[in-house]
Amino acid sequence: MNKTDVLLGLQWGDEGKGKIVDVLTPDYDIIARFQGGPNAGHTLEFNGIKHVLHTIPSGIFHPTAINVVGNGVVIDPVIFKKELDALTNLKVDYKSKLVISKRAHLILPTHRLLDAASEAAKGKNKIGSTLKGIGPTYMDKTGRNGLRVGDIETKEFKAKYDALVEKHKQLLSYHNYEYNLQELEPAWFEAIETLKQLQFIDTEHYLNEALSKNKRVLAEGAQGSLLDIDFGSYPFVTSSNTICAGACNGLGIAPNRIGNVIGIFKAYCTRVGSGPFPTELDNEVGESIRQAGREFGSTTGRARRTGWLDIPALKYAIMINGVTELMMMKADVLSDFKELQICTHYMHNGKTIDYLPYNIDPAYLQPIYTSIKGWNCDLTGITEKSKLPVELMDYIKFIEKETATPVSIVSVGPDRTQTIKMS
Ligand code: GDP
Ligand code: IMO
Ligand code: MG
């Protein structure tokens, strides 16, 4: 029986997961998303095409891999339909290689409205949500009110939808939130019809059977470990378990069926939305990283906050996930620097510490940096490890030593081909 490999982000999302899943898909039979929903934006670039996926797994552009939307994912049919339409335009035949868990929950138009109402009510304490209805949908899931993909095929579907919407209307009136649901519902029900053209299956049976037949499965995470509902910078997090354990819950795969855990991180850090960010560079250095890395959200277009690499945070994510190998993204973005900073410790309540504590608010925690020589040259055309500048190799060795985890891939540009294998 095979084990499932898991690929996930170790920072605050947007590490480059989509690119790497696309690069690795030829080595797998099945790619399975296990949590999150259209708050995610996973970018793939190849043959001059740039494509952003939100709910559909990033293996969809390969000819044979089956793409599974697992039970842990929340689906907005309207956004899903848009994704399918974009694939049709690119002549991708998705029908035979995309399946959806019956247990996945549906995002209703009123979930999106509730997200907006809740954020508006929070005022300056807002999470900076993508406003895709993620929080309210997961709240209905754990509150045992949710509507699931499997419900679509039952004759009670509309009645269940109406009952949930009634509940949402009460909440919206409590928020004094103005809206026009009639404008939103036709597109939602139209998209439900499109969704019906796909196979709704018991993905937990499908995946376990595939593993027993020695099929190779890669679980694709969304968001990042520091946005995890339990282990992230709460309350500035998303509403799902983004960590490795989320792959077990979100796919129905037992912990002893997890194989390699691939941790994706950027050579620096970014964060979009509110919340503490110990190594943030709220200055011209940060702005130069933002411009060089084109750090603007794939889902919302918002400017991403930028900062230096944070080793204690990386070690924390490696520990929580059981990461077996690292992949470092966007090394090319730091090419203009003669000198780089890496955070190795924090000052916390007057003490130097080397781990991520409970409270990472700037009032309690300040980063301590080590300087390291930059490579200061263009990396984007390099295709072999042996051609990498010595300063970049030193940067990688430093990270490997600090984290006691090997770096197996270094990415030097957004395209599939700009990917360097380190072993
Ligand atoms: P994901 O959410 O983890 O899949 O990441 P996103 O797609 O939201 O954000 C990563 C961004 O960086 C995308 O625009 C990618 O095309 C781009 N990207 C990925 N790897 C690299 C790289 O090595 N260098 C550069 N310059 N861009 C990259
Ligand atoms: P991918 O998969 C980066 C952030 C939002 C906000 C917080 C909560 O592309 O890496 P939510 O919409 O979930 O209620 O937002 O989480 N966030 C992400 N940031 N990448 C993502 O996904 C994100 N998904 C959510 O900006 O701060
Ligand atoms: Mg993204």
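Residues numbered from 1 in each chain as written. Chains lettered and ligands numbered in written order. Predicted model: local features only at pLDDT ≥ 70, side-chain atom pairs only at ≥ 80, totals over all residues. Heavy atoms only, no water.

Things to note about the sheet that holds strand S9 (residues 199-201)
Move 1: The sheet built from ten strands is open, its strands ordered S9-S7-S5-S2-S10-S1-S11-S15-S19-S20 with mixed pairing. The outermost strands of the open sheet, each flanked by one partner alone, are S9 and strand S20 (419-421). Along the sheet, successive strands turn relative to each other by an average axial angle of 25 degrees, direction set aside.
Move 2: Two strands pair when backbone bridges link them, and strand S1 (residues 4-9) and strand S11 (residues 258-266) are joined in this way by five bridges, in the parallel orientation. Bridge pairing in S11 places Leu8 opposite Gly263.
Move 3: Strands S11, strand S15 (325-329) and strand S19 (407-411) of the sheet are contacted by helix H11 (residues 390-403), whose axis makes an angle of about 145 degrees with S15. (Pairing = 2+ DSSP bridges. Helix = DSSP H or I, 4+ residues; strand = E, 2+ residues; numbered from the N terminus. Axes fitted to C-alpha atoms, helices over the stretch in contact; angles between N-to-C directions. Contact = heavy atoms within 4.5 Å.)

Quick word on helix H2 (residues 77-89)
Move 1: Taking 1.5 Å of rise per residue, 13 residues should cover 18 Å, and H2 covers 18 Å from first to last C-alpha, within 8% of that figure.
Move 2: All of the buried residues along H2 are Pro77, Val78, Ile79, Phe80, Lys81, Glu83, Leu84 and Leu87.
Move 3: Where H2 begins, the capping side chain belongs to Asp76, and its oxygen is found 2.9 Å from the backbone nitrogen of Val78.
Move 4: The first or second residue beyond H2 is Lys91, which carries a positive phi of 60 degrees. (Expected span 1.5 Å × (residues − 1). Buried < 20%, exposed > 50% of the residue type's maximum accessible area, 1.4 Å probe, protein only. Polar contact = N/O pair within 3.5 Å; in protein donor to acceptor, adjacent residues only side chain to side chain.)

Thoughts on empty space enclosed by the protein
Move 1: Tallying each qualifying case throughout the model produces one cavity of 30 Å³ or more.
Move 2: Its boundaries defined by the atoms lining it, the largest cavity holds a volume of some 40 Å³.
Move 3: Forming the boundary of the largest cavity are Leu10, Gln11, Trp12, Leu226, Cys269, Leu309, Asp310, Ala313 and Leu314.
Move 4: Elements represented by at least two residues in the lining of the largest cavity include exactly strand S14 (309-310) and helix H10 (311-321).
Move 5: Residue classes in the lining of the largest cavity are distributed as seven nonpolar, one polar and one charged. (1 Å grid on protein atoms, 1.4 Å probe; cavity = no way out; pocket = protein on both sides within 12 Å on 5 of 7 lines; lining within 4 Å. Points joined across faces, edges and corners; volume = space filled by probe spheres on them. Nonpolar A, V, L, I, M, F, W, Y, C, P; charged D, E, K, R; others polar.)

Concerning the coordination of the magnesium ion (ligand 3)
Move 1: Taken together, Asp14 (OD) and Gly41 (O) make up the protein donors of the magnesium ion (ligand 3), found 2.1 to 2.2 Å from the metal. Separated by 27 residues along the polypeptide, Asp14 in the loop between S1 and helix H1 (17-24) and Gly41 in the loop between strand S2 (30-33) and strand S3 (42-46) bring together distant segments of the chain.
Move 2: The class of Gly41 is buried, set by a relative accessible area of 10%. (Donors = N, O, S within 2.8 Å, 3.2 Å for Na, K, Ca; no water.)

Here we look at the pairing of S3
Move 1: By the criterion of burial, S3 is predominantly enclosed, with four of the five residues buried.
Move 2: Between S3 and strand S4 (residues 49-53), which pair antiparallel one after the other, the connecting turn spans two residues, and Asn47 there sits at a positive phi close to 45 degrees.

Considerations on the site of ligand 1
Move 1: For ligand 1, the set of nearby residues contains 20 residues, the closest of which are Lys17, Thr43, Ser298, Asp332 and Ser411.
Move 2: Between an oxygen atom of ligand 1 and a side-chain N or O atom of Ser298, the distance comes to 2.8 Å.
Move 3: Here Arg304 contributes a side-chain N or O atom positioned 3.3 Å from an oxygen atom of ligand 1.
Move 4: Bound to the protein, ligand 1 loses 94% of the 590 Å² it would expose on its own.
Move 5: The cavity where ligand 1 resides is the second largest pocket.
Move 6: Looking at the shell around ligand 1, the elements that each hand over two or more residues are H1 and S3.
Move 7: Among the residues making up the shell around ligand 1, the classes are represented as four nonpolar, eight polar and eight charged. (Near = heavy atom within 4 Å. Areas by Shrake-Rupley, 256 points an atom, 1.4 Å probe, with all protein chains shown as cover. Sits in = over half its atoms within 2 Å of the grid points.)

What about the environment of Thr55?
Move 1: Its place among the elements puts Thr55 in the loop between S4 and strand S5 (66-69).
Move 2: Spatially, the C-alpha atoms of Thr55 and Arg33 are 7.9 Å apart, while their sequence positions differ by 22 residues.
Move 3: Setting aside chain neighbours within four positions, we find Thr55 in contact with Arg33, Pro38, Val69, Val73, Val74, Ile75, Phe80 and Glu83.
Move 4: Side-chain polar atoms of Thr55 contact the side chain of Glu83, separated by 2.8 Å.

So, the confidence of the model for the protein chain
Move 1: For the protein chain, per-residue confidence averages 97 on the pLDDT scale, and residues scoring 70 or more make up 100% of the total.
Move 2: Mean pLDDT in the protein chain bottoms out at S4, which sits at 95, and peaks at strand S8 (residues 105-106), which reaches 99. (pLDDT = per-residue confidence, 0-100.)

Looking at the pairing of S2
Move 1: Alternating positions in S2 separate into two faces, Ile30 and Ala32 on one and Ile31 and Arg33 on the other, with burial throughout.
Move 2: Here four bridges tie S2 to S5, and the two strands are oriented parallel to one another. Paired with Ile31 across the two strands is Asn67, which belongs to S5.
Move 3: Inspection of the sheet shows S2 paired to strand S10 (residues 217-220) by four bridges, in the parallel sense. In the sheet register, Ala32 faces S10, and the bridge partner there is Ala219.

A look at the site of ligand 2
Move 1: Surrounding ligand 2, one finds 20 residues, the nearest of these being Asp14, Lys17, His42, Thr130 and Thr238.
Move 2: One of the side-chain nitrogen or oxygen atoms of His42 is found 2.7 Å away from an oxygen atom of ligand 2.
Move 3: Counted by class, the shell around ligand 2 contains seven nonpolar, ten polar and three charged residues.

Structural notes on the pattern of salt bridges
Move 1: Considering all chains together, one arrives at 23 salt bridges under this definition.
Move 2: Here Arg416 ties to Asp22 by a salt bridge, and the two come within 2.6 Å at their closest N and O atoms. Here Arg416, found in the loop between S19 and S20, pairs with Asp22, found in helix H1; they are 394 residues apart in sequence, far enough to count as distant.
Move 3: Since its relative accessible area comes to 25%, Arg416 is described here as partly exposed.
Move 4: With its nearest N and O atoms 3.6 Å apart, the salt bridge here joins Glu156 to Lys155.
Move 5: Note on Lys155: relative accessible area 78%, which makes it exposed.
Move 6: A network of salt bridges, in which partner residues are shared, links Asp14, Lys266, Glu295, Arg304 and Lys330. (Salt bridge = Lys/Arg side-chain N within 4 Å of Asp/Glu carboxyl O.)

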